Amino acid sequence: MEIILAKPIGYCYGVERAMNITYETLKSEKNNIYTLGPIIHNPQVVKKLEKNGIKIIENLENTYVGTLIIRAHGIDPKKLERARKMGFKVIDATCPFVKKNQKRATQLVKEGYFLVVIGEKEHPEILGILANANGPFMVIENKSDYKKLPDVKRVGVITQTTQSMENFISVVSYLLEEYKEIKIFNTICDETIERQKSARNIANEVDLMLVVGGKNSANTKRLAEIGKSINENTYHIETSEEIIKKWLKGVKKVGISGGASTPKWLIDEAIKKIKKISSH
Ligand code: SF4
């Protein structure tokens, strides 16, 4: 059985950075360490962090004041200010590429463009971008949103860092037909592009494709969608326990891809399980 691993695999730069910051904070602060929402979209990692004492909160109320780690997806600046005023020690683990995206959106609004963000309406990265930009906006998630396009002259476009290139191109092409003055930034992050390319290539050459990562992770779901669109035999799993024997029947080549928030140990466990099944 041949196993082909996607490249890159394991945490992306921004998640690795956020995790390092979190572990450093655990060493230095000990008690009352919070994150607003899960630090990354991977339930297995978040569970481990909780065991180590990190508390996930949905809002700042009813918590002891302590240390607040801002997750890789970023935050609403008003919430940040509030946390500081309440006396929280704030440690910012926002990915620098997400920060760059927030700055671009803010700049577009300042320049008088109507902000269009391509991405998932409720995703924390999008909510953080909109709160930072603080101007008129619209989020385009899918084609049904085309009907609600505003009647404005100047449109400034950015995208969630983990969008698929196909979706970005398709939305932008539509907007180009609708608006005369349009400023576009392709803000999909390089790691996302690389992961999607690799998943596409691998899905083409294997009999079975496994995409490992949180079911709540937007970029992992996208990799699974890409895989499935090329290779029907694609499965999105969170842990090796989900791999079942019959998937491997008659399979010679298995491809494994992982989301930006999937740790390498979950990938290694999947490899181990595949090897174990195929050796019997
Ligand atoms: S996927 Fe890109 S933008 Fe998102 S956290 Fe990772 S490096 Fe940052």
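Residues numbered from 1 in each chain as written. Predicted model: local features only at pLDDT ≥ 70, side-chain atom pairs only at ≥ 80, totals over all residues. Heavy atoms only, no water.

1. Structural notes on the site of the ligand
Neighbouring the ligand are Cys12, Gly14, Cys95, Phe97, Thr161, Thr162, Cys189, Thr192 and Ala260. Here the residues of the shell around the ligand sort into five nonpolar, four polar and no charged. (Near = heavy atom within 4 Å. Nonpolar A, V, L, I, M, F, W, Y, C, P; charged D, E, K, R; others polar.)

2. Remarks on the side chain of Asn42
Inspection of the secondary structure assignment puts Asn42 in the loop between β2 (33–36) and α2 (43–51). Take Asn42: its relative accessible area is 0%, and that puts it in the buried class. What Asn42 contacts, discounting residues up to four positions off in sequence, is Gly213, Gly214, Asn216, Ser261, Thr262, Pro263 and Leu266. (Helix = DSSP H or I, 4+ residues; strand = E, 2+ residues; numbered from the N terminus. Buried < 20%, exposed > 50% of the residue type's maximum accessible area, 1.4 Å probe, protein only. Contact = heavy atoms within 4.5 Å.)

3. Considering the domain arrangement of the chain
Where interface size is given, it is often the accessible area lost as the parts come together that is meant. Splitting the chain by domain gives domain 1 (2–10 + 191–278), domain 2 (13–96) and domain 3 (106–189). Using C-alpha coordinates to define each centre, domain 2 is positioned 28 Å away from domain 3. Counting from both sides, the interface comprises six residues of domain 2 and, opposite them, six residues of domain 3. Roughly 510 Å² of surface becomes buried between domain 2 and domain 3 when both sides are summed, with 59% attributable to carbon and sulfur atoms. The tally of links between domain 2 and domain 3 comes to zero salt bridges. Class assignment of the residues belonging to the side of domain 2 that touches domain 3 gives a composition of two nonpolar, two polar and two charged. (Domains from an automatic or database assignment. Buried area = accessible area lost by both parts, 1.4 Å probe. Salt bridge = Lys/Arg side-chain N within 4 Å of Asp/Glu carboxyl O.)

4. Observations concerning unusual backbone geometry
A cis amide bond links Lys7 with the next residue in sequence, Pro8, at an omega value of -5°. Following the sequence through the fold, Pro8 ends up in the loop between β1 (2–5) and α1 (13–29). Here Asn134, not a glycine, exhibits a phi torsion of approximately 50°, which is positive. Structurally, the position occupied by Asn134 is in the loop between α5 (124–133) and β7 (137–140).

5. Re the sheet that holds β2
Strand order in the open sheet formed by four strands is β3-β2-β4-β5, with parallel pairing between adjacent strands. For this open sheet the edge positions go to β3 (54–57) and β5 (89–92), each flanked by a neighbour on one side alone. Pairwise comparison of adjacent strand axes, ignoring direction, gives a mean angle of 30° for this sheet. Here β2 pairs with strand β4 (residues 67–70) via three bridges, running parallel. Paired with Tyr34 across the bridge in β4 is Leu68. The sheet contacts of α1 involve β2, β3, β4 and β5, and relative to β5 the element is tilted by about 150°. (Pairing = 2+ DSSP bridges. Axes fitted to C-alpha atoms, helices over the stretch in contact; angles between N-to-C directions.)

6. Considering the packing of helix α7 (residues 190–205) against helix α8 (residues 218–230)
Interaxial distance between α7 and α8 falls to 9 Å at its minimum, and their mutual angle equals 30°. Our classification of the angle between α7 and α8 gives roughly parallel. Considering only the axes of α7 and α8, their crossing is right-handed. Together, Arg195, Gln196, Ala199, Arg200, Ala203 and Asn204 of α7 and Arg222, Leu223, Ile226, Gly227 and Ile230 of α8 make up the contact between the two elements. (Parallel < 35°, antiparallel > 145°, perpendicular 65-115°, else oblique. Left-handed = near helix turned anticlockwise from the far one by under 90°.)

7. Some thoughts on the pairing of β4
Where burial is concerned, the two faces of β4 agree: the one with Thr67 and Ile69 and the one with Leu68 and Ile70 are both buried. Direction of pairing for β4 relative to β5: parallel, over a ladder of four bridges. Bridge pairing in β5 places Ile70 opposite Asp92. Following the backbone out of β4, through helix α3 (residues 77–86) and into the adjacent parallel β5, one traces a crossover that is right-handed. (Right-handed = clockwise from strand over helix to strand, strands pointing away.)

8. Brief notes about the packing of helix α4 (residues 96–110) against α5
Contact geometry of α4 with α5 gives a least axis separation of 8 Å together with a crossing angle of 40°. In terms of their interaxial angle, α4 and α5 are classed as oblique. Where α4 crosses over α5, the handedness of that crossing is right-handed. When α4 is examined against α5, the residues Val98, Asn101, Gln102, Ala105, Thr106 and Val109 are found in contact with a partner set consisting of Glu125, Gly128, Ile129, Asn132 and Ala133. Looking at the contact of α4 with α5 residue by residue, the class counts come to five nonpolar, five polar and one charged.

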